[in-house]
Amino acid sequence: MDTISKSERSRGFILLFATILFFSTYEVVNKMMGGRIDPFQINFIRFFVGGAMLLAVAAVKRELTISPRDFALCALAGGLNVVVSMSLINASLSLPGSSAAVTAVLFSCNPVFVSIFAALIDGERIGPRKVIALALGIAGTVIISLKPLMASMGGAGGAGVLLGPTLTVLSALAFGFYTVVGKRISGRIGSLRMNGYAFLTGSFM
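Keep in mind that what you see is a predicted model, and the values were worked out from it rather than measured. Positions within a chain are numbered from 1, following the residues in the order the chain's sequence is written. The model is predicted, so local features are restricted to residues of pLDDT at least 70 and side-chain atom pairs to those at 80 or more, both for listing and for counting; the totals for chains, interfaces and linings are taken over all residues. As a rule here, side-chain values come from all non-hydrogen atoms in the structure, and water together with hydrogens is ignored.

**Regarding a nonpolar patch on the surface**
- Residues qualify for a patch when their relative accessible area is over 30% and they have no salt bridge, like charges being joined within 9 Å and the nonpolar side chains of Val, Leu, Ile, Met, Phe, Trp and Tyr within 5 Å. Throughout, the Shrake-Rupley method with a 1.4 Å probe supplies accessible areas, and for residues the shown protein chains are the sole cover considered. The term salt bridge refers to a side-chain nitrogen of Lys or Arg lying within 4 Å of a carboxyl oxygen of Asp or Glu. Together, F44, I45, F48, V49, M53 and F204 give the surface a local cluster of nonpolar side chains, amounting to about 580 Å² of exposed area.
- Of all the elements, helix α3 (residues 39–60) adds the most residues to the nonpolar patch, at 5 residues.
- Burial here depends on accessible area, computed with a 1.4 Å probe over protein chains only, as a share of the maximum for the residue type. Under 20% is buried, over 50% is exposed, and the range in between is partly exposed. With relative accessibility at 55%, the residue M53 sits in the exposed group. Secondary structure counts use DSSP, requiring at least four H or I residues in a row for a helix and at least two E residues in a row for a strand, with both numbered from the N terminus.

**Thoughts on the environment of A91**
- Within the secondary structure layout, A91 lies in helix α4 (residues 68–94).
- Along the primary structure A91 and F40 are separated by 51 residues, whereas in three dimensions their C-alpha atoms are 7.8 Å apart.
- Here a residue-residue contact requires only that any non-hydrogen atoms of the pair lie within 4.5 Å. The contact partners of A91, leaving out residues within four places of it in the chain, are P39 and L167.

**Re the packing of aromatic side chains**
- Think of it this way: a Phe, Tyr or Trp ring, Trp meaning its six-membered ring, pairs with another when their centres are within 6.5 Å, and the plane angle makes it stacked under 30 degrees, edge-to-face over 60, tilted otherwise. The tally for this structure, following the rule as stated, stands at 7 aromatic pairs.
- Seen in terms of ring centroids, F47 and F199 are 5.0 Å apart; in terms of plane orientation they differ by 75 degrees. Their pairing is edge-to-face. Placement of the pair is F47 in helix α3 and F199 in helix α9 (residues 191–204), with a sequence separation of 152 residues. Each member of the pair, F47 together with F199, is buried.
- Between F71 and Y197 the ring centres are 5.7 Å apart and the planes differ by 80 degrees, which places this aromatic pair in the edge-to-face class. In this pair, F71 sits in helix α4 while Y197 sits in helix α9, placing the two residues 126 residues apart along the sequence.
- What makes F71 partly exposed here is its relative accessible area of 35%.
- Look at Y197 and you get buried, because its relative accessible area is 13%.
- Here a set of aromatic residues connected by ring pairs shows up, and it is made of F44, F48 and F204.

**Description of the packing of α3 against α9**
- Note on geometry: axes are lines fitted to C-alpha atoms, helical ones only across the stretch in contact, with angles between N-to-C directions running from 0 to 180 degrees. α9 packs onto α3 with a crossing angle of 145 degrees between their chain directions and a minimal axis gap of 8 Å. Seen from above, α3 lies across α9 with left-handed handedness. For the pair α3 and α9, the contacting residues are F44, F47, F48, G50, G51, A52, L54, L55, V57 and A58 in the first and L192, N195, G196, Y197, F199, L200, S203 and F204 in the second. The sense of a crossing depends on the near helix, which, turned anticlockwise from the far helix by less than a right angle, makes the crossing left-handed and, turned clockwise, makes it right-handed.

**So, the packing of α3 against α4**
- At a minimum axis distance of 9 Å, the contact between α3 and α4 shows a crossing angle of 135 degrees. The angle between α3 and α4 places the two elements in the oblique class. Read as a crossing pair, α3 and α4 show a hand that is right-handed. Here α3 contributes P39, F40, I42, N43, R46 and F47 to the contact with α4, which in turn contributes N81, V82, M86, S87, N90, A91 and S94.
- Residues of the contact of α3 with α4, tallied by class, amount to 7 nonpolar, 5 polar and 1 charged. Under this scheme an angle from 65 to 115 degrees is roughly perpendicular, one under 35 degrees roughly parallel, and one over 145 degrees roughly antiparallel; angles in between are oblique. Here the nonpolar group is Ala, Val, Leu, Ile, Met, Phe, Trp, Tyr, Cys and Pro; Asp, Glu, Lys and Arg are the charged ones; every other residue, Gly included, is treated as polar.

**A few points about the confidence of the model for the protein**
- For the protein, the average pLDDT comes to 81, and 88% of its residues sit at 70 or higher.
- By mean pLDDT, the top-scoring element of the protein is α9 (93), and the lowest-scoring one is helix α2 (residues 26–33) (71). Predictor confidence is given residue by residue as pLDDT, running from a minimum of 0 to a maximum of 100.

Structure follows, in C-alpha cells:
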C-alpha cells in the first residue's frame with residue numbers, strides 16, 4: 001500500500017522542480033565567472049559556505065553528533081562530489097570553446113551512472129524499462145558529444161570543444177557514484193548532516 005499522501009507527493013515534485021530550476025543556472029553562472037575566478041576557488045567557496053550553513057542549521061536542531069565511521073563516509077562522499085565531480089565540471093567550463101549548454105545536458109546524464117552503481121553496489125534490479133531508459137540516455141550522450149568530436153577533428157573551437165565534454169562525462173560519473181554513497185549515509189544520519197559534513201570536508205580537501 002502506498003503510504004505517501006497526495007500532498008507529500010505534490011510537495012516532493014515542487015521541491016524537485018525548484019532544485020532543477022536553481023541547478024540549471026549553475027553552468028551558466030560558472031561560465032560567466034570562468035575567465036576571472038579560478039574554478040577550484042569557486043568550488044571551495046561554494047561548498048565551504050554551503051556546508052557551514054547546513055551544519056549551522058544542524059547545530060540549531062541539535063543534530064551535529066556523528067560517529068567516526070559515518071564522518072569518514074561523509075568525507076568520502078565529499079571527495080567524490082566536491083573534489084572530483086564539481087572540480088571536473090568547473091574545469092570543463094573554464095576551458096576556451098566549452099559550451100555551458102552542452103555541459104549542462106551532458107552532466108544531466110548522471111542518472112545513467114547512478115543506476116549502474118546502484119545495481120553494482122546496492123544490488124538494485126535493472127528491469128526492462130530501466131534498460132531502455134539507460135540505452136536512450138547513453139545514446140543521447142553520444143549524440144550530444146558528436147558535434148564537439150567533429151569540431152575537434154576539424155581543428156576548430158579550442159581545447160574546450162573535446163576536452164570539455166570529456167571532463168563533464170567524468171564529472172557525471174563521479175556524481176553518480178557520490179549519489180549512491182550519499183544515499184547510504186543519509187539513510188542513517190539524514191541528508192542535513194550528511195551534506196553538511198560532506199560539503200565542508202570536501203571544500204577543505
